[in-house]
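Residue-level structure breakdown
So the chains spell out like this:
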Amino acid sequence: QDKNLEYEPHIVEVKPDLSKEIRRGSIMRPECPADQKYCYVLSGAKLEYLEYDPSRDVYAAWHSGGWGGHVADVLTVVEADPSLDLPIGCGGWSWACIGGHTEGTRMAYHPEWEDFGALCTSDIVKDNGLSYVPVLQTSGRPQTIISDSAISGAQSQTTWPGSLVACDCHFYMVWHGVQKEADWNGGDGTTDIAFARIEPLDGKVLHKKWIVKGTATRERTTKLAILGTAKGCQRFAFGYGELSSFYVYPERYFVAELDGEGNFITDKLDVTAITEWQEDEKWVTLGNGDVAWGTTWKRNDNGNPHHVTMKADGVTRVRTDTGCGCTYHGHNTGYGYSLLKEFHTQPTWGECKNQPGGCQYRDWGSSGFKTNEMFVTSLKASLRLGTPNSNDAKIVARDRHPDCDPQPKPSEMCRPEENECDADPCPGQTCDDPDTKKFG
């Protein structure tokens, strides 16, 4: 960290039991110390993601970025070869997934396509919306708008990605947003949840539908993960939160099962008294097909999750701060909860007060439990997430989605063999040796 509050990002490798550091390497781009470009900063929406590509043995490190007074993001591909010193490799970008002011982001690796996919939103213009961008294509990097932000004029964003999941030859995804500008009603309207199946190559939308549509509530904080070990992408764990118009965080949390077309195959199950999840947490499918995630919360007096719109006794509080006008942004504030830069003029949880030094948010607190604790929640694949409905009976076993036709990978992708063979190959090997190409 330097005096300008710019941070030098590193990749750190450790032993699987976390007992020892193996090596670390800086991924700061040379333009940052030279002329304040492509720096990792805490201004704007904070994001930090790391994914791994075993086919090329590379990391993809995605983090918030600063350029003078501007904010966006930087995605750096790093060679993980143990014989190298974590050098920056082919792919990614030095500035901005889309236009800048990057906000909601998700990234996932697709093993069949051997590429990372990135989802991002921005508050700059309406046309950015929720966009998909592949990471390892080296020229003509496509950007596909999956869902328009549906807000014109104001610098704002109502769309936020939930999950991006690789299954068969596709990416599956969920997000929250508005279907048309009238639904938003200047900030007092509703948000809904959508489901889509897209091509990892270019983000082409193969199937899209709005699956949760409220009339007087906002649905958001949505998640998706493969549930079970069966092939064919026909069983997903799905979750979302529901809140009243003026709240930022959900008051209720639900889970259910979806098929590969986004149809509910079980009724939704209310898990509000058991668990919760936040916008930037990732649901993970374990080896046995269960779905799990970790998050932090304070407890209510009865020990249940203390959702931020509740008083300590677990009763949803009544909004009394209309017109306070406090603004907030960034993901790095609060008691372990992600504050979103989504609604620029809506107060967050707690009681908002205008102070000479700025807005302050009062913590309601809870007697008996004063600090956050870490919780891991798992959804068992051997059980059903709600009562099965008629759509469940229509599912027919299959090994693969019928839309998975063989398609050639683009020619302009990062290939390790392009620059791993030098004039002095390893003894006994040549540049035609596939092991030399694969491992350098």
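Here, every reference points to the structure presented above.
Since this is a predicted model, take the numbers as computed values, not measurements. (Residues numbered from 1 in each chain as written. Predicted model: local features only at pLDDT ≥ 70, side-chain atom pairs only at ≥ 80, totals over all residues. Heavy atoms only, no water.)

Considering the sheet that holds strand β20 (residues 269–270)
Across the sheet, 4 strands lie side by side as β17-β18-β19-β20; this open sheet has antiparallel pairing. Two strands lie at the open edges of the sheet, namely β17 (218–226) and β20, each paired on one side alone. Examined bridge by bridge, strand β19 (residues 252–258) and β20 share 2 bridges and lie antiparallel to one another. Counted as the bridge partner of V255 is L269 from β20. (Pairing = 2+ DSSP bridges. Helix = DSSP H or I, 4+ residues; strand = E, 2+ residues; numbered from the N terminus.)

Some thoughts on the layout of surface pockets
Unfilled space is identified by rolling a water-sized probe across the atoms. Roughly 680 Å³ of volume is contained in the largest pocket. Around the largest pocket, the lining is made up of 32 residues, and of these E51, M107, A108, L164 and K282 lie nearest the centre. Breaking the lining of the largest pocket down by element, the ones donating at least two residues are β5 (48–53), β9 (102–110), β13 (160–167), β17 and β21 (284–285). For the lining of the largest pocket, the residue count by class is 15 nonpolar, 7 polar and 10 charged. (1 Å grid on protein atoms, 1.4 Å probe; cavity = no way out; pocket = protein on both sides within 12 Å on 5 of 7 lines; lining within 4 Å. Points joined across faces, edges and corners; volume = space filled by probe spheres on them. Nonpolar A, V, L, I, M, F, W, Y, C, P; charged D, E, K, R; others polar.)

What about the side chain of E276?
When you line up the elements, E276 lands in the loop between β20 and β21. Classification of E276 as buried rests on a relative accessible area of 1%. Here Q278 takes part through its side chain, which lies 3.2 Å from a polar atom of the side chain of E276. (Buried < 20%, exposed > 50% of the residue type's maximum accessible area, 1.4 Å probe, protein only. Polar contact = N/O pair within 3.5 Å; in protein donor to acceptor, adjacent residues only side chain to side chain.)

With respect to the pattern of salt bridges
In this structure the tally under the stated criterion is 14 salt bridges. Notably, a salt bridge pairs E13 with R23, separated by 2.6 Å at the nearest N-O pair. Remark: R23 occurs in strand β3 (residues 21–26) and E13 occurs in strand β2 (residues 10–14); sequence separation between them is 10 residues. Accessibility classification places E13 together with R23 in one group, the buried group. In the salt-bridge network here, residues are joined through shared partners; they are R235, E257, R384 and D392. (Salt bridge = Lys/Arg side-chain N within 4 Å of Asp/Glu carboxyl O.)

Here we look at the packing of aromatic side chains
Counted according to the given criterion, the structure contains 18 aromatic pairs. Measuring from ring centre to ring centre gives 5.5 Å for Y52 and Y59, while their planes differ by 50°; the resulting arrangement is tilted. Its relative accessible area of 14% is what places Y59 among the buried residues. Among the aromatic residues, ring-to-ring pairing joins F238, Y240, F254 and F264 into one connected group. Between the NZ or CZ atom of K268 and the centre of the ring of F254, over which it lies, the distance is 4.3 Å. (Phe/Tyr/Trp six-rings, centres within 6.5 Å; stacked < 30°, edge-to-face > 60°. Lys NZ or Arg CZ within 6 Å of the ring centre and 35° of its normal.)

A closer look at the sheet that holds strand β16 (residues 205–212)
Pairing is antiparallel in the open sheet, where 4 strands are placed in the order β13-β14-β15-β16. Of all strands in the sheet, those bounded by a partner on one side alone are β13 and β16. Here the average twist between neighbouring strands, direction ignored, is 15°. Where strand β14 (residues 170–177) lies against strand β15 (residues 192–198), 7 bridges are found, and the strand directions are antiparallel. Paired with H176 across the two strands is I193, which belongs to β15. (Axes fitted to C-alpha atoms, helices over the stretch in contact; angles between N-to-C directions.)

Fair warning: the whole summary comes from geometry, so function is off the table for now.
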